[in-house]
Amino acid sequence: MRDYLLTLCVTAAVTYLLTGPVRKFAIATGAMPEIRARDVHREPTPRLGGIAMFFGLCAGLLVADHLQNLNSVFELSNEPRALLSGAALIWLIGVLDDKFELDALIKLGAQMISAGVMVIQGLTILWLPIPGVGTVALTRGQGTLLTVALVVLTINAVNFVDGLDGLAAGMVCIAAAAFFLYAYRLWYGYTIEAAAPATLFAAILMGMCLGFLPHNMHPARIFMGDSGSMLIGLILAASAISITGQVDPDVLRLFEGSTREATHAALPVFIPLVLPLTIIAIPMADLVLAIVRRTWNGQSPFAADRGHLHHRLLEIGHSHSRAVLIMYFWSALFAFGTLSYSVHSTSMWIVLGVVFLSAIGLVLLLLPRFSPRAPRWAESFLPPRYRRRRAVAGLSPESAGLTSPVSASVEEPPAERVPVPAGVNGSTAIGHRSRFTDRRKAGTPS
């Protein structure tokens, strides 16, 4: 566990430290497109955050290769090399798309090729544990098709959910944390060496997301772009493929004894069939609904719109930050609920806990305008924008910088505040974050 935590910390540190220079590079190269109709941010923001995430991946694999307890993963398995090959290809296509806006079919073909590269190097599904049947061996063609389909679906599910600041990185980080605990339990609890690559992939994926989140939380200073969303989607799919198709259920000797005992004992192995689906349940539901919605309206399934789940949360009155936190909540509930059930499948308390938390989640969805207030003693631990405003002693609200209700009513209407167009003057790389054209451009007379 210490080596995994060290790998996670190094990956997070490299990703965090490189994101700032990558942001300036994205602005200098013009990887900062105009604001589109479906976007929720109000000023041009640079992309290419996936560059920092990819180098974080490389740093994590390099460190793990030099650790004594993790070096065997590279010696006994070719899966880390297969992952790096597929990740490099999908990352390169993502960088080109962030800069030049590639066609959707080109990206789809690149996703399939990246999955094929991993299959050629051995990262593929070899067998499936099916309840009531046992272990079903797959032919090479079946394993290839199933692997490619899982990779493409996961990449697009993560890409579809990347619509709010910090949403995709946070949800994938939650998924990676649940998957890490599950894979580590198989590797450490059952001493299955075949589960070690998936454990390593999940730890590195957590580090990539944690290192990028401080730059991507609302208001975001940089977006990961397709170079980042497709990259983390591929790594998440690779973890699921490694643990599902490479770990032989017969090694655990689960199908011995009575039928009831064998069924309960086999749950930790059957869970890989369910856990990847629960991890991407929210993004996958968004993907399916988007395809159905666009096809029903006579549009292409790849056409962009504002009908995603996070857009609907904003429409019913939730703030940007609260919509992201609600999506985090449901993702954690699905992922860790399934993980808990795999450990104690006979415990009724787990089912009751999931039902109770689901009720809380529904209440949060129905109260979009409820604004909780933190107690005074806790405000020092909160960011400044979440603290209550206090009147300065001896000063009126106007002189203290607070706007009175009267002055607020005569303030210029929001429609007259024009967003900043794309370009260096509209960027936020240097100086204060200027959302509107109230400030004059540098070099103009005052």
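Residues numbered from 1 in each chain as written. Predicted model: local features only at pLDDT ≥ 70, side-chain atom pairs only at ≥ 80, totals over all residues. Heavy atoms only, no water.

A. Fine view of the overall build of the protein. Counting its regular elements, the protein contains 15 helices and 2 strands. Residues classed as buried in the protein amount to 47% of the 446 residues present. Of all intrachain contacts in the protein linking residues separated by at least 6 positions in sequence, the fraction that spans at least 24 positions is 74%. Surface accessibility of the protein: about 22300 Å² in total, with carbon and sulfur atoms responsible for 66%. (Helix = DSSP H or I, 4+ residues; strand = E, 2+ residues; numbered from the N terminus. Buried < 20%, exposed > 50% of the residue type's maximum accessible area, 1.4 Å probe, protein only. Contact = heavy atoms within 4.5 Å. Areas by Shrake-Rupley, 256 points an atom, 1.4 Å probe, with all protein chains shown as cover.)

B. Broad picture of a nonpolar patch on the surface. On the surface, Tyr 341, Met 348, Trp 349, Val 351, Leu 352 and Val 355 cluster together into a nonpolar patch covering about 660 Å² of accessible area. Ranked by the residues each element gives to the nonpolar patch, the list is headed by helix H14 (residues 348–366), at 5 residues. Tracing the backbone shows Trp 349 in helix H14. (Patch = residues over 30% accessible without salt bridge, like charges linked within 9 Å, V, L, I, M, F, W, Y side chains within 5 Å. Salt bridge = Lys/Arg side-chain N within 4 Å of Asp/Glu carboxyl O.)

C. Structural context of the state of the cysteines. Under the criterion given, the structure shown has 0 disulfides. Its sulfur unpaired, Cys 173 is 5.4 Å from the next cysteine sulfur, which belongs to Cys 209. (Disulfide = S-S within 2.5 Å.)

D. Highlighting the side chain of Thr 124. The topology assignment puts Thr 124 in the loop between helix H5 (104–120) and strand S1 (127–130). On the basis of relative accessible area, Thr 124 is assigned to the buried category, the value being 11%. A polar contact is formed between the side chain of Thr 124 and the side chain of Thr 147, at a distance of 3.1 Å. (Polar contact = N/O pair within 3.5 Å; in protein donor to acceptor, adjacent residues only side chain to side chain.)

E. Structural context of the environment of Thr 244. Within the secondary structure, Thr 244 is located in helix H9 (residues 225–245). Sequence separation between Thr 244 and Thr 124 is 120 residues; the distance between their C-alpha atoms is 9.3 Å.

F. How the structure looks around unusual backbone geometry. Going from His 218 to Pro 219, the amide bond is cis rather than trans, its omega being -5°. Mapped onto the fold, Pro 219 is located in the loop between helix H8 (196–216) and H9. With a phi close to 70°, Leu 48 is a non-glycine residue in the positive phi region. Among the secondary structure elements, Leu 48 is positioned in the loop between helix H1 (2–28) and helix H2 (49–65). In this structure, Glu 101 is a non-glycine residue whose phi angle is positive, near 60°. Note on placement: Glu 101 falls in the loop between helix H4 (79–100) and H5. Exposure remark for Glu 101: the relative accessible area of 45% places this residue in the partly exposed category.

G. Spotlight on the nonpolar core. Counting residues in each nonpolar core, the largest one holds 88 residues, and the members touching the most others are Tyr 4, Leu 57, Leu 200 and Leu 231. Take this core: its biggest share by element is 17 residues, from helix H7 (residues 167–189). Not counting chain neighbours up to four residues away, the residues in contact with Tyr 4 comprise Leu 70, Phe 180, Tyr 184, Trp 187, Ala 196, Thr 199, Leu 200 and Ala 203. (Core = buried A, V, L, I, M, F, W, Y, C linked by side-chain atoms within 4.5 Å.)

H. The arrangement of the packing of aromatic side chains in detail. Here the structure, examined in full by the defined rule, presents 9 aromatic pairs. Arranged with centres 6.0 Å apart and planes meeting at 75°, the rings of Phe 54 and Phe 55 form a pair that is edge-to-face. Measuring from ring centre to ring centre gives 5.8 Å for Phe 329 and Trp 330, while their planes differ by 85°; the resulting arrangement is edge-to-face. Since its relative accessible area comes to 16%, Trp 330 is described here as buried. Aromatic ring contacts, followed pair by pair, group Tyr 4, Phe 180 and Tyr 184 into a single cluster. (Phe/Tyr/Trp six-rings, centres within 6.5 Å; stacked < 30°, edge-to-face > 60°.)

These figures come from the coordinates and say nothing about function on their own.
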